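Listed here are the chains, written in short residue letters.
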Amino acid sequence: MTEPAAQSAAAPSPFPAIADYAFLSNCHTGALVAPDGSVDWLCVPRFDSPSVFAALLDRQAGSFRLAPFGATVPNSRHYEPGTNTLVTTWNTRGGWVVVRDALTMGPRIGEDRVTPYTRPPADDGADHMLVRTVQCIEGQVEIELACDPVFDYGRTSAKWTLLEGNNRVADAVAGDQRLRLQSNIPLGIEGDSVRGRHMLTNGEEMYCSLSWAEGLASPATVDDANARMVATTRFWRTWLGHARMPDHRWRYLIMRSALVIKGLTYLPTGATVAALTTSLPETPGGERNWDYRYCWMRDSTFTLQALHWLNLDWEANEFMEFVADLKPNDDGALQIMYGIDGRRDLTESTLDDLSGYAGARPVRIGNGAFDQRQNDVFGAVLGSILLHTRRSQRLPRRLWPIVQSQAECAARVWREPDQGIWEARGAPRHYVSSKLMSWVALDRAARLAEIRGAPDLTKKWQAIANEIRADILDHGLTEKGVLRQHYETDSLDASTLLAAITGFLPANDERLRSSVLAIADNLSEHGFVLRYRTEETDDGLSGKEGTFLICSFWLVSALTIIGEVQRARDLMERLLRIASPLGLYAEEFDVATGRHLGNFPQAFTHLALIEAASRIVYSERLEEFT
């Protein structure tokens, strides 16, 4: 029997393209809004809570649409400049309307009991509600509201009741969870959903809100709803105003990436989720579907680098405090990932009742890689601590024990095989990138010990770093002097680009140049970089995957480092042109169809964009003085 033909990422499907979704956030949770005005993904009250709308993963698993009746294609969609508020303009035969959607934020009033803080609360916080407003700007347009939540990942239907004597307020209940839908138009219950229809005329406005706030607080009028929108705009623009944005042609996408990173940050703890979603496929119709609503330690260095480069030092400090609070394993090592509340157990399970995005199954919640051995974690943590220490010009006392424990763990295990940076579910290997990040761990630990005033530890850790470096150069290079994926193969792996980014080899080293160019020439599809070739790698899974956007941005950085600045600039321009219509990126890009693949929006991709852009901007600024 022959294997079935691979599914196209652009095959006809009732599911919108991944990159067509808009991202909303209140820094506690996030939502995805389809072009037709349907909220297809929302978990409340936190990023990692069970969903109430999950049409993203099954068209029957809940959605919330607010749009002109009978219309599915808007005239335009954009973000309110400098915010995560979505503005959609619709043109029908009768007239024009503008819809605004936001997970609203505003001045904090009292203690947040919905998602309690472990960090000092800021002056502003989440309202814990989704607010949607509509304004008719020409003619008349009939607006349809259809709210159909299905709690617990599509497993529990809502039981709706209208508030006694008020058909503009309806409560949905499932177990202990309760939501309130409120509007200024009459609402009616139809089975498990609530619907409303109203003909808006020129100059007229309407609103609706979905609340999970304490006491189910909701806007009572259109003016109240608009005031919350104004407060939300003020929050995002004030926050962005503290960032250092280069006056550069790439300014908009750098700014949008910053807003994505902030939007994927869980304010109560300072953690950053890798992506908003779970189980969006890396292979169309395939099994490479993972839950990314957790905080990966390997993202930490890139997170700190991006935040500090943008002058967002408060967010960087909050993230480091989150890391300082984490509980290590029994051997003293930090896990590769944690829950956004710091929990360690992320046991993976599947939701077999869900069809999956465009048939990609299984749908997973939890992540089975949480207890894998991945030796790169030590370098990621210690690299971020060194970055933070240099920026703040002090080494916080509570971070020093982490430096010691992670350095000793790296020194103890660096010779052992692991699952690698890509969390392969095949046999453990001596991955070069894992050895490389172990070198980073001991090298950065030695520098931190010098800052701490511990010369004996500086000497000890630097000696081990030198030993690791020698081992990589002895066993991690092919006969052509190219860094290999692991010690038992000559296959390429994009993670070895970290040799350039981390400074493992100097920029003028021929081995580094050969390694970077080998990946650019032989591990790319139409210029976009693969993690590795799946047919050459035992990752425990079947199916081909798309090119990895973070690896392509890493290549931009690496090309810049080795002096191939024009080639780096050319690739950067191509990468920026494939951003979603709203400036967002998923994890992967399918070059055959031009579609984004994987969880969305992806923090790691946006972090790598900022890092790559910063290197080119810096090189261009230097050219101005030479």
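Relevant structure appears above.
Fair warning: this is a prediction, and the values are worked out from it, not measured in the lab.

Asker: Before we move on, can you summarise the packing of helix α12 (residues 549–561) against helix α13 (residues 565–577) with the specific residues and values?
Answerer: Two elements in contact, α12 and α13, have axes whose closest approach is 7 Å; the angle formed by their N-to-C orientations is 155°. In terms of orientation, α12 lies roughly antiparallel with respect to α13. Every pair of crossing elements has a handedness; the one defined by α12 and α13 is left-handed. Residues Leu549, Ser552, Phe553, Leu555, Val556, Leu559 and Thr560 of α12 form the contact with α13, whose own contacting residues are Val565, Arg567, Ala568, Leu571, Met572 and Leu575. A class-by-class count of the residues in the contact of α12 with α13 yields ten nonpolar, two polar and one charged.

Asker: Give me the lowdown on the sheet that holds strand β25 (residues 547–548), citing residues and values where you can.
Answerer: Within the open sheet, the three strands sit side by side as β25-β26-β27. Their pairing is antiparallel. In the strand order of this sheet, the two ends are held by β25 and β27 (595–597), each with one partner. Across three bridges, strand β26 (residues 588–590) lies against β27 in antiparallel orientation. Within the sheet, the bridge partner assigned to Glu588 lies in β27 and is Leu597.

Asker: For the pattern of salt bridges, give the residues involved together with the corresponding values.
Answerer: Applying the stated criterion to the full structure yields 40 salt bridges. Across the salt bridge formed by Asp341 and Arg46, the nearest N and O atoms sit 3.4 Å from each other. With a gap of 295 residues between them, Asp341 in the loop between β20 (337–338) and β21 (349–350) and Arg46 in the loop between β3 (38–43) and β4 (51–53) connect regions that are remote in the sequence. For Asp341, the salt bridge goes to Arg343, with nearest N and O atoms at 3.4 Å. Residue class for Arg343 comes out partly exposed when judged on its relative accessible area of 29%.

Asker: Got a sec to walk through the packing of aromatic side chains? Specific residues and values, please.
Answerer: Applying the stated rule across the entire model yields 16 aromatic pairs. What links up through ring pairs into an aromatic cluster is the set Phe302, Trp422, Phe548, Trp554 and Phe604. When the ring centre of Phe69 is taken as origin, the NZ or CZ atom of Arg197, which lies over that ring, is 4.2 Å away. Across from the ring centre of Phe504, 5.5 Å away, lies the NZ or CZ of Arg469, which sits over that ring.

Asker: Any chance you could break down unusual backbone geometry for me, citing the residues and the numbers?
Answerer: Look at the link from Val44 to Pro45: it is a cis peptide, with omega at 5°. Within the fold, Pro45 resides in the loop between β3 and β4. Backbone torsion omega between Arg361 and Pro362 reads 5°, so that peptide bond is classified as cis. Residue placement: Pro362 occurs in the loop between β21 and β22 (364–365). For Asp152, which is not glycine, the phi dihedral falls at a positive 55°. Relative to the assigned elements, Asp152 resides in helix α1 (residues 151–154). Of the residues examined, Asp152 reaches a relative accessible area of 27% and is grouped as partly exposed. Although it is not a glycine, Ser279 sits at a positive phi angle of roughly 65°. For Ser279, the location among the structural elements is in the loop between β18 (271–272) and β19 (295–296).

Asker: Which residues make up the pairing of strand β16 (residues 205–211), and what values go with them?
Answerer: Within β16, six of the seven residues are buried, leaving the element largely enclosed by the surrounding structure. Bridge count between strand β9 (residues 124–148) and β16: seven bridges; the pairing is antiparallel. Bridge assignment links Val131 to a residue of β16, and that residue is Ser209.

Asker: Can you tell me about the environment of Met255, naming the residues and giving the values?
Answerer: Structurally, the position occupied by Met255 is in helix α3 (residues 251–263). With 218 residues separating them in the primary sequence, Met255 and Gly37 have C-alpha atoms 25 Å apart. Those residues in contact with Met255 that lie beyond four places of it in its chain are Leu240 and Met245.

Asker: Hey, could you go over the side chain of Ser49 for me, with residue numbers and the actual values?
Answerer: Looking at the secondary structure, you find Ser49 in the loop between β3 and β4. Engagement of the side chain of Ser49 in a polar contact is seen with the backbone oxygen of Val44, the distance being 3.4 Å. Here the side chain of Ser49 touches Arg46 through a polar contact of 3.1 Å, landing on its backbone nitrogen. Non-local contacts of Ser49, meaning those with residues more than four positions away in its chain, are made with Cys43, Val44, Tyr153 and Arg293.

Asker: Give me the lowdown on the pairing of β3, citing residues and values where you can.
Answerer: Within β3, six of the six residues are buried, leaving the element largely enclosed by the surrounding structure. Connecting strand β2 (residues 30–33) to the next strand, β3, in antiparallel fashion are four residues, including Gly37 with a positive phi near 90°. Taken together, the two bridges between β3 and strand β5 (residues 63–68) define a ladder with antiparallel strand orientation. Along β5, the bridge assignment pairs Val39 with Phe64.

Asker: Tell me about the packing of helix α5 (residues 313–325) against helix α6 (residues 377–392), and please be specific about residues and values.
Answerer: Packing of α5 against α6 brings their axes to within 11 Å, and their N-to-C directions diverge by 135°. Our classification of the angle between α5 and α6 gives oblique. Relative to α6, the crossing made by α5 is left-handed. Here Asp313, Ala316, Asn317, Met320 and Val323 of α5 come into contact with α6, specifically with Val381, Ser384, Ile385, His388 and Arg391.

Thresholds, definitions, all that
- Residues numbered from 1 in each chain as written.
- Predicted model: local features only at pLDDT ≥ 70, side-chain atom pairs only at ≥ 80, totals over all residues.
- Heavy atoms only, no water.
- Axes fitted to C-alpha atoms, helices over the stretch in contact; angles between N-to-C directions.
- Helix = DSSP H or I, 4+ residues; strand = E, 2+ residues; numbered from the N terminus.
- Parallel < 35°, antiparallel > 145°, perpendicular 65-115°, else oblique.
- Left-handed = near helix turned anticlockwise from the far one by under 90°.
- Contact = heavy atoms within 4.5 Å.
- Nonpolar A, V, L, I, M, F, W, Y, C, P; charged D, E, K, R; others polar.
- Pairing = 2+ DSSP bridges.
- Salt bridge = Lys/Arg side-chain N within 4 Å of Asp/Glu carboxyl O.
- Buried < 20%, exposed > 50% of the residue type's maximum accessible area, 1.4 Å probe, protein only.
- Phe/Tyr/Trp six-rings, centres within 6.5 Å; stacked < 30°, edge-to-face > 60°.
- Lys NZ or Arg CZ within 6 Å of the ring centre and 35° of its normal.
- Polar contact = N/O pair within 3.5 Å; in protein donor to acceptor, adjacent residues only side chain to side chain.

Structural measurements only, silent on function.
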